[in-house]
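# Tertiary structure, described
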Amino acid sequence: MKKALITGITGQDGAYLAEFLLGKRYEVHGIKRRSSSLNTGRVDHLYQDPHEENVRFFMHYGDLTDATNLIRIVQEVQPDEMYNLAAQSHVMVSFETAEYTANADALGTLRLLEAIRILGMTDSVRFYQASTSELFGKVQSVPQNEKTPFYPRSPYGVAKLYAYWICVNYREAYSMFACNGILFNHESPIRGETFVSRKITRAVARMKLGLQKKFYLGNLDAKRDWGHAKDFVKAMWLMLQQKKPDDFVIATGESHSVREFVELAFREIGAEIQWKGKGAKEVGIISKISGQRSAVSGQEMKKAIRGAAKPRRLKSDEFASDFSERALRAGDVVVEIDPRYFRPTEVDELLGDASKARKALGWEPRISFEEMISSMVKADLEEASRDQLCKDSGYRVLNYSNE
Ligand code: NAP
Ligand code: G4F
């Protein structure tokens, strides 16, 4: 049985990759950080009681800033494949925590490669490095492929640049099987809540249920090549199954603006958005809202809340215009600009060319931009409905509009 060690297993990609590798009959080991509150929500469904037989999922405490701990874990696990997904992965946060980001994202990669070397495992381990389209930053050509020069625009991008090159260097210097996956943005219902995609889908869902009135964004005109994380983790694995180590761009080949993302997310709940004003004064207003009624009426829901009827779990497409008295109305200002979300240096537009991966790995994205947004809004509607029930039963519910 092959063994994989995943750093960053509690993150979006770590969770999807662990699930994927367990499906391929791997023994999966993950490194999680100690935190004061639980941080394993994304992989709890994979947890196996270590007392049971045939356990194939294990977690180890560790941190990319702690070299001796990494050496010990690699020695204990003796993995065939290592996936380095751990990182301080938020671009905006990296401007505020530049030194920490360099320590975890740049030196963390070096520490893992050194652990492999110190333990004499250079010939037996295959190493995947989570590189990023942020390396292209201020893009030097469109679309971006493996030959496009890098021009990072944030402490995060610069840290990842070091990680990219140290991975290439160890491949060349020590003949290690080390690959860079240069992945463009990828999202999902378990995306971190402060990345723009999830921030939008969560706010839209909460507004639909009357839990929130509006939300604030930064640069609406930034464009990204957005894919689905489920498709992208498969590419990570494929890279490590090749005869020779190499670097690959993984992207959908479509670019969309933040503005388009907002419009599609609102469309998912039957609302059209119109933009008015310019720059920091621009606002998004509901111009039209469908009068569609859902299978569960507001009355039915209220009865269930009062305990007069047995509440049943709503299907995600049943959330349409249930709560008529709370519902959004045409003319409502639902998006405003908050300049604090503008970045000191921005990456204006990313568009990837994944033809090398298509040819060499046989990799192709399957989930479209529209399908991805739809699945995210649906999942967030389910989550919001739980908050709605709590609120209607008199419990306190937090307002997330200022994230
Ligand atoms: P994510 O959801 O932010 O997950 C990051 C993971 O790294 C989490 O498990 C986090 O632990 C862990 N981590 C952070 N600092 C650590 C440290 N010092 N030591 C150990 N673990 C640490 O990120 P993601 O979206 O899954 O992305 C996975 C990787 O791909 C990252 O390296 C990211 O930079 C890169 N990437 C992502 C994208 C994208 O669009 N998603 C695109 C290109 C590249 P906690 O759960 O405890 O915070
Ligand atoms: O969702 P974002 O924060 O993702 P960003 O900066 O593209 O980084 C993500 O993708 C990278 C791959 O290219 C990864 F390496 C990285 O780890 C991360 O996963 O922002 C996307 C765009 C930016 O241009 C930002 O300025 O959305 C713009 N934006 C506008 N308003 C906002 C907001 N971003 C955030 N997070 N929050 C806003 O309110």
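Structure: above.
Attention in this report is confined to the structure presented alongside it. (Residues numbered from 1 in each chain as written. Chains lettered and ligands numbered in written order. Predicted model: local features only at pLDDT ≥ 70, side-chain atom pairs only at ≥ 80, totals over all residues. Heavy atoms only, no water.)

Bringing the packing of aromatic side chains into the picture now. Per the stated rule, a full pass over the model turns up eleven aromatic pairs. On the basis of an interplanar angle of 90 degrees and a centroid distance of 5.0 Å, the ring pair of Tyr164 and Trp165 is categorised as edge-to-face. For Tyr164, a relative accessible area of 7% puts it in the buried group. Aromatic side chains Phe261 and Phe369 sit 5.7 Å apart centroid to centroid with 80 degrees between the ring planes, which places their arrangement in the edge-to-face category. Taken as a pair, Phe261 in helix H8 (residues 258-268) and Phe369 in helix H11 (residues 369-392) lie far apart in primary sequence, 108 residues in all. Given a relative accessible area of 3%, Phe369 falls into the buried group. Ring pairs connect the aromatic residues Phe136, Phe150, Tyr164, Trp165 and Phe184, which therefore count as one cluster. Above the ring of Phe177, the side-chain terminus of Arg126 is found at 3.8 Å from the ring centroid. One cation-aromatic arrangement involves Arg191 over Phe195; the distance from NZ or CZ to the ring centre is 3.8 Å. (Phe/Tyr/Trp six-rings, centres within 6.5 Å; stacked < 30°, edge-to-face > 60°. Buried < 20%, exposed > 50% of the residue type's maximum accessible area, 1.4 Å probe, protein only. Helix = DSSP H or I, 4+ residues; strand = E, 2+ residues; numbered from the N terminus. Lys NZ or Arg CZ within 6 Å of the ring centre and 35° of its normal.)

Let's shift gears to the nonpolar core. Formed by 47 residues in total, the largest nonpolar core has its most connected members in Leu21, Tyr83 and Ile250. Of all elements in the fold, only strand E1 (3-7), helix H1 (12-23), strand E5 (126-132), helix H5 (155-174), strand E6 (177-183), helix H7 (229-240), strand E11 (248-250) and helix H10 (355-361) reach the threshold of two or more residues within this core. Looking at this core element by element, the count peaks at nine residues for H7. Beyond its immediate chain neighbours, meaning those up to four positions away, Leu21 contacts Ala4, Ile6, Tyr26, Val28, Tyr83 and Trp237. Counting residues in each nonpolar core, the second largest holds 33 residues, with Ala203, Phe266, Val335 and Leu381 among its members. (Core = buried A, V, L, I, M, F, W, Y, C linked by side-chain atoms within 4.5 Å. Contact = heavy atoms within 4.5 Å.)

In the vicinity of ligand 2 lie 24 residues, with Thr132, Ser133, Tyr156, Arg343 and Glu346 positioned nearest. Take Thr194: an N or O atom from its main chain is 3.0 Å from a nitrogen atom of ligand 2. Protein coverage of the free-state accessible area of ligand 2, which is 710 Å², stands at 95%. For the shell around ligand 2, the secondary structure elements donating two or more residues are helix H6 (196-208) and strand E8 (215-217). (Near = heavy atom within 4 Å. Polar contact = N/O pair within 3.5 Å; in protein donor to acceptor, adjacent residues only side chain to side chain. Areas by Shrake-Rupley, 256 points an atom, 1.4 Å probe, with all protein chains shown as cover.)

This paragraph deals with unusual backbone geometry. Residue Val142 is joined to Pro143 through a cis peptide bond whose omega torsion reads -5 degrees. Summarising the element assignment, Pro143 is placed in the loop between E5 and H5. Phi is positive for Gln78, close to 50 degrees, though the residue is something other than glycine. Mapped onto the elements, Gln78 comes out in the loop between helix H2 (67-77) and strand E4 (81-84). The phi dihedral of Ser175 is positive, around 55 degrees, even though this residue is not glycine.

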